[in-house]
Amino acid sequence: MTLSDQTILVKINAAITMVMFVGGLINSILSLITFQSKDLRQVGCGIYFLASSVTSFLTISMFIVKFWFVVLTQMNPSIRLSIVRGGCVSIEPLLKLCLYLDAWLNACVAIERAILVFSGVNFNKQKSQRIARWIVLILPFCVMSSIIHEPIYRELHEVNTEKNEVDIDRWCVTRYSPSVQQYNTIILFFHLVTPCIVNLCSALFIIFGSARQRSTAQTRQTLREHVYHQFKEHKQLLISPIILLILSLPRLIMSMLSECVNPSNNRLLFIFGYFISFTPSMLIFIVFVLPSELYRKTFRESLKRWRRRIHQ
């Protein structure tokens, strides 16, 4: 069947996927324009955000690759088996790699901000920059080594749906032993939940640490009043990780399903849950750039420079 002959649900999925890709592309371009500034990359946060802008684009790109790979291989059974098997083994692990990298880079930003509050005037920018560069280089290998079992245990199965063996369904499945399944569950929680917890803890440390420092310098107000003012000033630091955690929950829940399930009775629920779990990769500019006066100013200045270059 051609795409025009597919069900309305497939067409809606295709439209949503393309909208998400365009949104992710715009998010990545705007973020790259902001964080390519040398001034922001004098500390580790700018380097992490620049790398996160790239990984967010890779995540949404791998997402659209996976969607169209699944659709096209089901629409056209004549596609070579080696291509289908290669996609089965590689696409999902690469998608998870990009998704996990994005989450950990955001966690690195939160950790550095907490270190900045703790160090105060003794914060070493050059050391921060060096550490950030090393982490950006090493992190992909660490994440990939933790999910290396996935391509090993992924395999393609062909199922004849008719007695005349004309119609063939191809299923990409994973078969884990109990020990590997337990390891996979631990890794899943580690990569999806731990970065959110790091973000929350860092935000609380920043709020209470800043309040304690100000209560020492400004004794007219109590510590509780300083904490209240810091909560109002840095509330986005708490709201952002909570939103990202909520958006990641559907993928976490669906990934926990160790057995094959038939989502026919809850198609919209499964589709909505799966799609929404990728929205954090589209929100870097909205979550981190727009709430920050410094980042907004840098973005406007970078945008003006690009406009001048285009008009020259």
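The model shown is predicted, which means the values in this text are computed figures rather than measured ones.

(A) How the structure looks around the layout of surface pockets. Computed from the structure, the second largest pocket encloses a volume of approximately 800 Å³. Lining the second largest pocket are 30 residues; nearest its centre among them are Cys45, Arg113, Leu116, Ser292 and Tyr295. Of all elements in the fold, only helix H2 (44-75), helix H3 (81-119), helix H6 (178-217), helix H8 (235-255), helix H10 (284-289) and helix H11 (293-311) reach the threshold of two or more residues within the lining of the second largest pocket. Along the lines of polarity and charge, the residues of the lining of the second largest pocket split into 16 nonpolar, 8 polar and 6 charged.

(B) Quick look at the pattern of salt bridges. Tallied over the entire structure, the rule returns 3 salt bridges. Between Glu92 and Lys66 there is a salt bridge; the shortest N-O distance is 2.5 Å. Linking Glu92 in helix H3 with Lys66 in helix H2, this pair joins segments that are 26 residues apart in sequence. A residue is classified by how much of its surface remains accessible, and Glu92, at 8% relative accessible area, is buried. A salt bridge links Lys96 to Glu150, with the shortest nitrogen-to-oxygen separation between them at 2.6 Å. With Lys96 in helix H3 and Glu150 in helix H5 (residues 149-153), the pair connects residues that are 54 residues apart, well separated along the chain. Given a relative accessible area of 9%, Lys96 falls into the buried group. Classification of Glu150 by relative accessible area gives buried; the value is 2%.

About the cut-offs
Residues numbered from 1 in each chain as written. Predicted model: local features only at pLDDT ≥ 70, side-chain atom pairs only at ≥ 80, totals over all residues. Heavy atoms only, no water. 1 Å grid on protein atoms, 1.4 Å probe; cavity = no way out; pocket = protein on both sides within 12 Å on 5 of 7 lines; lining within 4 Å. Points joined across faces, edges and corners; volume = space filled by probe spheres on them. Helix = DSSP H or I, 4+ residues; strand = E, 2+ residues; numbered from the N terminus. Nonpolar A, V, L, I, M, F, W, Y, C, P; charged D, E, K, R; others polar. Salt bridge = Lys/Arg side-chain N within 4 Å of Asp/Glu carboxyl O. Buried < 20%, exposed > 50% of the residue type's maximum accessible area, 1.4 Å probe, protein only.

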